[in-house]
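So you can see what is in the structure, the chains are spelled out below.
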Amino acid sequence: VDGVIGVDLSFVKNILKALGSVKIADYNQTVNADNFFQVAQEHAEKDFFPGSTQKKDFLRTFYNSLEAKLSEKKDIPYVPLLQAVSQSIYEKHVLFAFNNVSEQAAFAINGWSSALIDERQSGNSIVNDFMGINDANFGSDKVNYYISRNVDQNVIVKSDGAINEALTISFKNNAQVNSLLGGVYKNYLRFILPLNANVSKIQIDGKDQKIVPAITDPSVYEKTGFIAPGGLEVQEENQGQNTLYGFLLNIQPQESRSVRIEYILAQKINSSLPEISYNLKLFKQPGVDFYPYNFSLNFPSNFKVLDSSSDVKTKGNTASLSTQITKDREVSVDLTAK
């Protein structure tokens, strides 16, 4: 295999929005952007048994029908179709992985491989912040489709140059109780932060958690009589220029839960400098459509905003942003002494 191109449900929906409905003759059904997930899952889950190929069979037949429509239809809307593909790539509903290092580098640098790459310049007066949230469904269901999220991030630059942050993510499992297509969201939740960021507090549903190191060695936790440590098991690991913190979080159908973490960046700046440049790189998880995002940066009173991203608003000693995260992006705020 020279490479892999991965696509998700949203890619298919974007194609169907541009192309229109597709008739699947073998199943005597018509699918479109609105019903594709439900129809596909019905064929995957109904009368399922171990070793069943019914999901694979349906998807293969669907893609054959889609290919036939693209080759036979005379009035293909090529411009909307190309726009749908382009949008899917930039929103990371399509990912590329190739064995050729030089080829892969081009995709990685442009954010099309989901690699954690950071090529921003660094310096004493530059704060390079990073934030990513990564979910992994450990359940044997497709409940991801029903999960909605809201994210709030508050950054405080202290007068001594320390940088404290609070990050809150709110989840809602919109699946119906006892739904065949939903279920409990068994989420391994990871926060991707700047290297050596130190998490000082974790709250779940407003309650402080006792943080204990996660036991990840099978030779330990698979021993007869093993007793899990009391508290929230959190795994900490460094990957390149990032530190990741991960733990398990279950969300029942129709349940809302919130997670808040507080942390301090390893970087400390000299607040006596005449200018400070803050730059936040937001890493959007592949497979997630979008989520509302609220950001605020509080800075010392002896500074004012010199320049910022176009959608950042300033009031007093606070720069703020409210937006939808659909793809990777950067948020910048340049400060100057008053």
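All figures in this text were calculated on a predicted structure; none of them were measured in a lab.

## Regarding the pairing of strand 13 (residues 242-251)
Then, in step 1: Of all 10 residues in strand 13, eight are buried, a share of seventy percent or more.
Then, in step 2: The pairing of strand 12 (residues 232-239) with strand 13 spans five bridges and is antiparallel. Its bridge partner lying in strand 13, glutamate 236 is registered against tyrosine 245.
Then, in step 3: In textbook terms, the turn of a hairpin is the stretch between consecutive antiparallel strands, and for strand 12 and strand 13 this stretch comprises two residues, one of which, glycine 240, has a positive phi near 60°.

## Concerning the sheet that holds strand 13
Then, in step 1: Here eight strands make up an open sheet; going across it, the order is 11-12-13-8-5-15-20-17 and the pairing mixed. In the strand order of this sheet, the two ends are held by strand 11 (211-213) and strand 17 (303-308), each with one partner. Sheet twist, expressed as the average angle between the axes of neighbouring strands with direction ignored, equals 25°.
Then, in step 2: Pairing analysis gives three bridges linking strand 11 to strand 12, with the strands arranged parallel. Note that in strand 12 the partner of isoleucine 211 across the bridge is leucine 232.

## Overview of a nonpolar patch on the surface
Then, in step 1: Where nonpolar side chains cluster on the molecular surface, the patch consists of Ile5, Val7 and Tyr63 and spans about 260 Å² of accessible area.
Then, in step 2: Mapping valine 7 onto the fold places it in strand 1 (residues 3-7).

## Things to note about the pattern of salt bridges
In a structure, side chains of opposite charge can pair up when their charged atoms sit close to one another.
Then, in step 1: Applying the stated rule across the entire model yields nine salt bridges.
Then, in step 2: One salt bridge connects arginine 149 with aspartate 135, and the closest N-O pair in it is separated by 3.0 Å. Note that arginine 149 is positioned in strand 6 (residues 147-157) and aspartate 135 in strand 5 (residues 126-137), a separation of 14 residues in sequence.

## Structural notes on the packing of aromatic side chains
Then, in step 1: A complete count under the given rule lists 16 aromatic pairs for this structure.
Then, in step 2: Between phenylalanine 98 and phenylalanine 107, the ring centres sit 5.2 Å apart and the planes meet at 45°, which makes this aromatic pair tilted.
Then, in step 3: Ring geometry for tyrosine 145 and tyrosine 146: centres 5.2 Å apart, planes at 85°, overall edge-to-face.
Then, in step 4: Judged by its relative accessible area of 30%, tyrosine 145 is partly exposed.
Then, in step 5: Overall, the relative accessible area of 18% leaves tyrosine 146 in the buried class.
Then, in step 6: Three or more aromatic residues link up through ring pairs in this structure, and these residues are Tyr90, Phe96, Phe98, Phe107 and Trp112.
Then, in step 7: Positioned above the aromatic ring of phenylalanine 283, the side-chain terminus of lysine 92 is 3.7 Å from the ring centre.

## Quick look at the packing of helix 1 (residues 9-19) against helix 3 (residues 54-72)
Then, in step 1: Running from N to C, helix 1 and helix 3 cross one another at 35°; their axes reach a closest spacing of 13 Å. At the point where helix 1 passes helix 3, the crossing takes the left-handed sense. Taking contact as the criterion, the partners of Val12, Ile15, Leu16 and Leu19 in helix 1 are, on helix 3, Phe62, Tyr63, Leu66, Lys69 and Leu70.
Then, in step 2: Partitioned by chemical class, the residues of the contact of helix 1 with helix 3 number eight nonpolar, no polar and one charged.

Reading the values: the criteria
Residues numbered from 1 in each chain as written. Predicted model: local features only at pLDDT ≥ 70, side-chain atom pairs only at ≥ 80, totals over all residues. Heavy atoms only, no water. Buried < 20%, exposed > 50% of the residue type's maximum accessible area, 1.4 Å probe, protein only. Helix = DSSP H or I, 4+ residues; strand = E, 2+ residues; numbered from the N terminus. Pairing = 2+ DSSP bridges. Axes fitted to C-alpha atoms, helices over the stretch in contact; angles between N-to-C directions. Patch = residues over 30% accessible without salt bridge, like charges linked within 9 Å, V, L, I, M, F, W, Y side chains within 5 Å. Areas by Shrake-Rupley, 256 points an atom, 1.4 Å probe, with all protein chains shown as cover. Salt bridge = Lys/Arg side-chain N within 4 Å of Asp/Glu carboxyl O. Phe/Tyr/Trp six-rings, centres within 6.5 Å; stacked < 30°, edge-to-face > 60°. Lys NZ or Arg CZ within 6 Å of the ring centre and 35° of its normal. Left-handed = near helix turned anticlockwise from the far one by under 90°. Contact = heavy atoms within 4.5 Å. Nonpolar A, V, L, I, M, F, W, Y, C, P; charged D, E, K, R; others polar.

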